[in-house]
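Listed below, chain by chain, are the residues.
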Amino acid sequence: MATTTTTASESLRRAGRGSLAGARIREAGWGYLFVLLPMAVFGLFFIYPLVYGIYISFFEWGILGKVHGVGTANYHTIFHDSVFRRSIKNIVEYTVVVVPLEMALGLLIALVINAKIRGRAFFRSSFYFPSLVSSAAITAIFIYLLNADGLLNAIIGGNRAWFGDPSTALWAIVGLNAWTTAGTVMLFYLAALQSISTDVYEAAAVDGTGTWRTFWRITFPLLKPAHFFVLVVFGIGALKLFDQSFIVSSGTGGPVYSTYTPVLYIYNTAFKSAEFGPAAAAGVVMFVAIFLLTLFQRATVGRSEAG
Amino acid sequence: MLQTSVAANEAYVPPRSRRRVAGRLIVYGVLIAVALLYFVPFAYTLSTSFKTLPQTAYFNLIPHPFTTAAWTSVWKDYDFKRYALNSLFLAVTVTLINLFLASLGGYAFARLRFPGREVLFLLVLGTLMIPDQLRLIPVFVMLTNWHLIGNFSGYILISMVSAVNLFFMRQYFLTIPKDFEEAAKLDGAGFFKTFWRVMLPLAGPAIAALAILQFQGTWNDFFWPLILFGQGSEHLYTIQLGLAQLSFTYQTLWPQLMAGSILALLPILVIFLVFQRFFVAGVTAAGIKG
């Protein structure tokens, strides 16, 4: 009787140990099975294209595929192409103006919303809404508002076709995107404003510091991490400008190349000229630029959070 | 300390309250200006969509005569019915596949132990650094070689799962107590059953947020549909492509263009009104992505 019990418990223990190792293997097997499809997608459509894109950039490559290797000639071609240079000039000018504008408008709206106004949830949602809407819809609406006979001209008494004039087309896109994106910037600033301790403001009130002075001396410097974050993240976003340029210029980047952007250059070089090599090279250049900016952001945001 | 501040407050009551009134006036002044800046464009868009073309020369907000002709015309003559259905099909399909794969992968990375898990997860996060602008040419070449340009399957294939979605689900699964899985294991449930019957229902809020954000992302997408359907596949056009084409070809048909714009944003407006709180989660996710 006793022997039977011992044997039973022993075999149970052995089975238990066996099934523990078995369970480990089973768990790992299920783990690989669960991540198999997602990893296949990431490998095939993200990691492989990274390598393949760099590869294509060293070839003459047409609509029917690889022709022959050309070394770094494609990079040479794009950097000597006046259209690519113009697109870089445009995107730098665009980014340098649009990001501070988004920050200023976003911060202004955040300060107003944060000032305990009536209907604050309603206004917060209303100003955020354009950020959620498709670029095509917002761009179509602005094409209407900014046309020669449009609402803006009716208000200011002009007759300029804002998107049709090479001296204003890019700035009209700046206006449209600042208007759209300020709502998202507002949400980041609102979160930052709400994390500032009220003690600071009470101290300022006791000292009799005015509202304007309180803002510039206390609030604005305390928002430094938010400024940094918004500057870099939205700066990177601005470099990828495409939809709005494509739609207002019917894909030409015009008038007279004034709305040409690097992404539009990639698109037109590939799909209008069927030169995939230079297009891939321009893609690699953009990737490197964005990668460096992202590293810069990681470094600076990390430091400002630690400090 | 408290007493001092109270005393200080009392001493300054009259000037402070005057300053407060002035401050409030400025706040509401700015609010009204910003509100006009944001409401007027949408108000005119709506108004113009119910006007006749000659009426768009005037800026009266109430259309006179009031007509729905532009709406019927974009829906039927300019094929927006087909474009809207294409967008709806793609958005629903891509969302469902993302929900399944992001939860499946997210759960495995959060809870199942297997060799190489951390390396694979770093690889997933690394894909966030690869911009669409670099992927554009190689992905187009690959899909061309596989004859997946000019039909929906190429678009669905490359959109099946994103690192942001997988990361989002993993973070949510990490917050669920392990007791639930252990109880399921004691009941003899296998790994898939535990995931499907126990963990997935517990992740309801995360799944709802992800569904809304992915639907919005696919519905609004302009870049990839343009790349994959833009070369002469008009029957595959999404509503965003249809709208861009309407603006290229008939740039001054304002009532139609505005009706088309509203159609292109309407589903997002409805979802936003019903599920506002989930969009804030989206901003947090964007913060992680950045």
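Counting starts from 1 at the beginning of each chain's written sequence and moves along it residue by residue. Labels follow written order: the first chain is A, the first ligand is 1, and so on. Thresholds applied to this predicted model are a pLDDT of at least 70 for local features of residues and 80 or more for the giving and counting of side-chain atom pairs; totals over whole chains, interfaces and linings are not thresholded and use all residues.

1. Remarks on the overall build of chain B
Logical step 1: Secondary structure follows DSSP: runs of H or I at least 4 residues long count as helices, runs of E at least 2 residues long count as strands, and numbering of each begins at the N terminus. A tally of regular secondary structure across chain B gives 15 helices and zero strands.
Logical step 2: Its C-alpha radius of gyration of 26 Å places chain B more than 25% over the 19 Å reference for a compact globule of 290 residues.
Logical step 3: Considering only C-alpha atoms, chain B reaches an extent of 75 × 70 × 35 Å along its principal axes.
Logical step 4: Contact criterion: two residues are in contact if their C-beta atoms, reconstructed from the backbone, are within 7 Å. The contacts of chain B with a sequence gap of at least 6 include a subset with a gap of at least 24, amounting to 74%. Only C-alpha atoms enter the radius of gyration, while the globule expectation follows 2.2 Å times N to the 0.38, with N the number of residues.

2. Considerations on the environment of Gln231(B)
Logical step 1: With respect to the helices and strands, the residue Gln231(B) is situated in the loop between α12 (223-229) and α13 (239-249).
Logical step 2: In this structure, the C-alpha to C-alpha distance between Gln231(B) and Ile149(B), residues 82 residues apart in sequence, is 8.9 Å.

3. Structural notes on the nonpolar core
Logical step 1: In this usage, the nonpolar core is the set of buried Ala, Val, Leu, Ile, Met, Phe, Trp, Tyr and Cys residues whose C-beta atoms join them within 7 Å. Think of it as a crowd count around each C-beta: if 20 or more other C-beta atoms lie within 10 Å the residue is buried, if 12 or fewer it is exposed, and in between it is partly exposed, with C-beta placed from the backbone throughout. Core analysis: the biggest nonpolar cluster contains 158 residues, and Ile109(A), Ala137(A), Met186(A), Tyr189(A), Ala282(A), Ile137(B) and Met169(B) have the highest contact counts within it.
Logical step 2: Residue contributions to this core peak at 15 residues, all from helix α7 (residues 169-194) of chain A.
Logical step 3: Those residues in contact with Met169(B) that lie beyond four places of it in its chain are Ala102(B), Ser103(B), Gly106(B), Ala203(B), Ala206(B) and Leu210(B).

4. Quick look at helix α11 (residues 204-220) of chain B
Logical step 1: In this analysis, the expected span of each helix is defined as 1.5 Å times one less than the number of residues it contains. The end-to-end C-alpha distance of α11(B) is 24 Å, a good match for the 24 Å that 17 residues give at a rise of 1.5 Å each.
Logical step 2: Taken together, the buried positions of α11(B) are occupied by Ala206(B), Ala209(B), Leu210(B), Ile212(B), Leu213(B), Gln214(B), Phe215(B), Gln216(B), Thr218(B), Trp219(B) and Asn220(B).

5. What to know about the packing of helix α3 (residues 69-77) of chain B against helix α14 (residues 254-274) of chain B
Residue and element names in this part refer to chain B.
Logical step 1: With their axes 8 Å apart at the nearest point, α3 and α14 run at an angle of 70° to one another. It follows that α3 is roughly perpendicular to α14 by the angle criterion. Judged by the twist between their axes, the crossing of α3 over α14 is right-handed. Where α3 approaches α14, its residues Ala70, Trp71, Ser73 and Val74 are matched on the opposing element by Pro255, Gln256, Ala259, Gly260 and Leu263.
Logical step 2: By the convention adopted, Pro, Cys, Tyr, Trp, Phe, Met, Ile, Leu, Val and Ala count as nonpolar, Lys, Arg, Asp and Glu as charged, and the other residues, Gly among them, as polar. The class makeup of the residues in the contact of α3 with α14 is six nonpolar, three polar and no charged. In this description, a line fitted to the C-alpha atoms serves as the axis of each element, helices being fitted only across the stretch in contact, and the angle between N-to-C directions of two axes falls anywhere from 0 to 180 degrees. Here roughly perpendicular refers to angles of 65 to 115 degrees, roughly parallel to angles under 35, roughly antiparallel to angles over 145, and oblique to all remaining angles. A crossing counts as left-handed when the near helix is turned anticlockwise from the far one by less than a right angle, and as right-handed when that turn is clockwise.

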